[in-house]
Amino acid sequence: MENHFARLGFEPRPWLDPELLKSRFVELSATMHPDKAAAENKSTSERDFQDLNTAFNTLRNTRSRLLHLLAISGAPKSEHIQNVPPSALQYFSPVAEATNRADTLIKRKSAATSPMLKVQLMEEALPQIDAIQSLQHQLQQNITAIEETLKQTTNTWREPPTPALLTQLSESAAALGFFERWTAQLQERIGALTF
């Protein structure tokens, strides 16, 4: 398995400074761009540039970076989520309720033909949009808290990581998966309710 950290010149860590990562990517992109390669090296250069892009995209997202770190650290890959992280468990009902309420209103809105009814439904949607945005804010706070923990973990990171630390990182990745998915689903509902 390719080590995306090494490709960008970083030691494997749970947290990377986003600005430093972007700076390193831009610097390497400038030197590795296929347009700068000789004709006989074009194919290799394109593949290397594509690998650089893959590494950057993997490392810039916290969850995908954690999953990659777990993979290169030898942590067993779970085929499915058996245990929902406690930090995510409490949001199952609120997210389901918010999406169900929004979906019901979206269905009514798409069936409406009268301009007056559409205005009325838009007024009805405003409190739901506010509630969804409040829920998104709570989810984002959880994402931020996980990222703060990862920053602290990076300061004490040692190779090889302990099994307990790998379990913690795995739980963080799982929680981020839920929070990111829910945030995107809620954003879709806001868009459908707004337009």
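In this text, all values refer to a predicted model and were calculated from it rather than measured experimentally.

J.: Quick one: what's the story with the overall build of the protein, residue by residue and with numbers?
T.: Helix and strand content of the protein: eight helices and zero strands. When its helices and strands are written in sequence order, the protein yields α-α-α-α-α-α-α-α. A compact globule built from 195 residues would reach a C-alpha radius of gyration of about 16 Å, whereas the protein, at 22 Å, exceeds it by more than 25%. C-alpha extents for the protein along the principal axes are approximately 65 × 45 × 30 Å. Expressed as a percentage of its 195 residues, the buried residues of the protein come to 36%. Sequence-distant contacts, at least 24 apart, represent 75% of the contacts inside the protein between residues at least 6 apart. Positive and negative charge centroids in the protein, built from 20 and 22 side chains respectively, lie 3 Å apart.

J.: Quick one: what's the story with the side chain of Arg65, residue by residue and with numbers?
T.: By the element assignment, Arg65 lies in helix H4 (residues 62-72). Of the side chains with opposite charge, Glu147 lies nearest to the buried Arg65, which makes no salt bridge, at 5.9 Å. Each residue touching Arg65, except ones within four places of it in the same chain, is listed here: Phe5, Arg13, Pro14, Trp15, Leu16, Thr58, Leu59 and Arg60.

J.: Please give an account of unusual backbone geometry that cites residues and values.
T.: In this model, Glu159 is joined to Pro160 through a cis peptide bond whose omega is -10 degrees. By secondary structure assignment, the location of Pro160 is in the loop between helix H7 (115-155) and helix H8 (163-194).

J.: Can you explain H7? Please cite residues and give values.
T.: Given a rise of 1.5 Å per residue, 41 residues ought to cover 60 Å, and the 58 Å separating the end C-alpha atoms of H7 matches this to within 8%. Its axis deflected by about 30 degrees at Ala125, H7 carries its strongest bend there, up to four residues before the proline Pro127. The opening residue of H7 is Ser114, an N-cap whose side-chain oxygen sits 3.2 Å from the backbone nitrogen of Met116.

J.: Run through the side chain of His4, naming residues and quoting values.
T.: Looking at the secondary structure, you find His4 in helix H1 (residues 4-7). Residues within four places of His4 in sequence aside, it is in contact with Thr54, Ala55, Thr58, Leu59 and His68.

J.: Talk me through the packing of H4 against H8; I want residue IDs and the actual numbers.
T.: Between H4 and H8, the shortest axis-to-axis distance is 9 Å and the interhelical angle comes to 150 degrees. The angle between H4 and H8 falls in the class roughly antiparallel. Considering the relative orientation of H4 and H8, their crossing is left-handed. Seen from H4, the contacting residues are Thr62, Arg63, Leu66, Leu67, Leu69 and Leu70; seen from H8, they are Leu166, Leu169, Ser170, Ser172, Ala173, Leu176, Gly177 and Glu180. Taken together, the residues of the contact of H4 with H8 sort by class into eight nonpolar, four polar and two charged.

J.: Lay out the layout of surface pockets with the relevant residues and their values.
T.: Roughly 160 Å³ of volume is contained in the second largest pocket. Surrounding the second largest pocket, Trp15, Leu16, Pro18, Leu21, Leu59, Arg60, Asn61, Thr62, Arg65, Ile143, Glu147 and Glu180 form its lining. When contributions to the lining of the second largest pocket are tallied by element, the ones reaching two or more residues are helix H2 (18-32), helix H3 (42-60), H4 and H7. For the lining of the second largest pocket, the residue count by class is six nonpolar, two polar and four charged.

J.: Report on the packing of aromatic side chains, specifying residues and quantitative values.
T.: In the structure shown here, the tally under the stated rule is six aromatic pairs. With 4.1 Å between their ring centres and 10 degrees between their planes, Phe25 and Phe56 make a pair best called stacked. Highlighted residues: Phe25 in helix H2 and Phe56 in helix H3, separated in sequence by 31 residues. Judged by relative accessible area, Phe25 falls into the buried class, the value being 13%. Ring centres of Phe92 and Trp182 lie 5.1 Å apart, and the angle between their planes is 85 degrees; this geometry places the pair in the edge-to-face category. One end of the pair, Phe92, is in helix H6 (residues 92-111); the other, Trp182, is in helix H8, and 90 residues separate them in sequence.

Rules of the game
- Residues numbered from 1 in each chain as written.
- Predicted model: local features only at pLDDT ≥ 70, side-chain atom pairs only at ≥ 80, totals over all residues.
- Heavy atoms only, no water.
- Helix = DSSP H or I, 4+ residues; strand = E, 2+ residues; numbered from the N terminus.
- Rg over C-alpha atoms; globule rule 2.2 N^0.38 Å.
- Buried < 20%, exposed > 50% of the residue type's maximum accessible area, 1.4 Å probe, protein only.
- Contact = heavy atoms within 4.5 Å.
- Lys, Arg positive; Asp, Glu negative; His and termini not counted.
- Charge placed at Lys NZ, Arg CZ, Asp CG, Glu CD.
- Salt bridge = Lys/Arg side-chain N within 4 Å of Asp/Glu carboxyl O.
- Expected span 1.5 Å × (residues − 1).
- Bend = angle between axes of the 7 residues up to and from the residue.
- Polar contact = N/O pair within 3.5 Å; in protein donor to acceptor, adjacent residues only side chain to side chain.
- Axes fitted to C-alpha atoms, helices over the stretch in contact; angles between N-to-C directions.
- Parallel < 35°, antiparallel > 145°, perpendicular 65-115°, else oblique.
- Left-handed = near helix turned anticlockwise from the far one by under 90°.
- Nonpolar A, V, L, I, M, F, W, Y, C, P; charged D, E, K, R; others polar.
- 1 Å grid on protein atoms, 1.4 Å probe; cavity = no way out; pocket = protein on both sides within 12 Å on 5 of 7 lines; lining within 4 Å.
- Points joined across faces, edges and corners; volume = space filled by probe spheres on them.
- Phe/Tyr/Trp six-rings, centres within 6.5 Å; stacked < 30°, edge-to-face > 60°.

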